[in-house]
Every structure is written in structure tokens, then in C-alpha cells.
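# Notes for the structure review
Listed below, chain by chain, are the residues.
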Amino acid sequence: QVPLVESGGGSVQAGDSVRLSCVASGGASFSAAMGWFRQAPGKERQFVAAFLRGGMTFYSDAAQGRFTISRDTAENTVFLQMNSLKVEDTAVYYCAASSLAANVVRETSYNYWGQGIQVTVSS
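Residues numbered from 1 in each chain as written. Predicted model: local features only at pLDDT ≥ 70, side-chain atom pairs only at ≥ 80, totals over all residues. Heavy atoms only, no water.

Taken as a whole, this structure holds 3 salt bridges when the rule is applied. The salt bridge partner of Asp 89 is Arg 38, with a shortest N-O separation of 2.9 Å. Here Asp 89 is found in the loop between β8 (77-82) and β9 (91-98), whereas its partner Arg 38 is found in strand β4 (residues 33-39), with 51 residues between them in sequence. Residue Asp 89 shares its accessibility class with Arg 38, and that shared class is buried. Note that Asp 89 and Arg 66 form a salt bridge whose closest N and O atoms lie 2.7 Å from each other. One end of the pair, Asp 89, is in the loop between β8 and β9; the other, Arg 66, is in the loop between β6 (57-59) and β7 (67-72), and 23 residues separate them in sequence. Judged by relative accessible area, Asp 89 falls into the buried class, the value being 0%. (Salt bridge = Lys/Arg side-chain N within 4 Å of Asp/Glu carboxyl O. Helix = DSSP H or I, 4+ residues; strand = E, 2+ residues; numbered from the N terminus. Buried < 20%, exposed > 50% of the residue type's maximum accessible area, 1.4 Å probe, protein only.)

The next thing to look at is the state of the cysteines. Applying the stated criterion across every chain, the model contains 1 disulfide. The side chain of Cys 22 participates in a disulfide bridge whose partner is Cys 95; the two sulfur atoms lie 2.0 Å from each other. What sets the handedness of the Cys 22 and Cys 95 disulfide is the S-S torsion sign, and at about -85° it is left-handed. Pair noted here: Cys 22 is in strand β3 (residues 18-24) and Cys 95 is in strand β9, with a separation of 73 residues, a long-range link. (Disulfide = S-S within 2.5 Å.)

Aromatic ring pairs are defined here through the distance separating the ring centres and the angle between the ring planes. The final tally for this structure, using the stated rule, is 4 aromatic pairs. With 5.6 Å between their ring centres and 75° between their planes, Phe 37 and Phe 47 make a pair best called edge-to-face. With Phe 37 in strand β4 and Phe 47 in strand β5 (residues 46-52), the pair connects residues that are 10 residues apart, well separated along the chain. Given a relative accessible area of 1%, Phe 37 falls into the buried group. Overall, Phe 47 belongs to the buried group, its relative accessible area being 13%. Aromatic ring contacts, followed pair by pair, group Phe 37, Phe 47, Tyr 110 and Trp 113 into a single cluster. Looking at Arg 19, its charged tip hangs above the ring of Phe 79, at a distance of 3.9 Å from the centre. The aromatic ring of Trp 113 is capped on one face by Arg 45, whose charged end is 3.9 Å from the ring centroid. (Phe/Tyr/Trp six-rings, centres within 6.5 Å; stacked < 30°, edge-to-face > 60°. Lys NZ or Arg CZ within 6 Å of the ring centre and 35° of its normal.)

Summing up the model confidence of the chain, the mean pLDDT is 93 and the portion of residues at 70 or higher is 99%. Within the chain, strand β11 (residues 117-122) carries the highest mean pLDDT (98), whereas strand β10 (residues 112-113) carries the lowest (94). (pLDDT = per-residue confidence, 0-100.)

In C-alpha cells, the structure reads:
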């Protein structure tokens, strides 16, 4: 029914770590790329990280060095490990899947979207 379902969010303190999970089903299970986006209140949705079918990964400047995207093909799950969290990381995080992966930083490249999961980082 739901192609992508996120889990693992919550409220944490700055400096803590959170691991988000996204389980894919149906057509989203065979996507060329899986990605994570986030949207803070009053802001547009922003690219965070992407994992291509061949194993190549991409990160936003904000995510680079702190976040790691990975995929468990057997379990059809993509993860986002977020370390050294900052208050500015607070947002609703969305899992997405793309059939073409032409430009993984663009949300328009993705065909499937999860409903989003809240991550709140407090100082």
C-alpha cells in the first residue's frame, strides 16, 4: 500500500546520533536511487543524501562528514545514520525513491515519497 515508510526519528540532544530507516515496497523496491530529504518549518524541502543502485553516494554539504546513507538490499531498506546532530538538523525527514536517478539532488527526480518522520534536536 505505502511504497516507502520511514522510522527511527525522535527527539535528541545536540551531539547525539539518530539512525533513520526506510522500508521500500512495490515499485519503489526497484528504484535506481534512494534518497533522503528534509524540510524544516517555513523552509523548502532540501536534499540530504542519496544512494544509487551501483553503490555511489551523494551528500549535501550539511550532511557530509556527519551523515551516512546505506542500503540493505536483501531487506529492501535504506538507512540514514546521523551523527553529531545540530539544532539546525531539526526537520521532517523524507525517504524517496527514483527510477532514473538523473539528478539525485532534485526532488523532482523522485517518483516515490514516504510520509516523513520528525527529528528534533535540542541544545
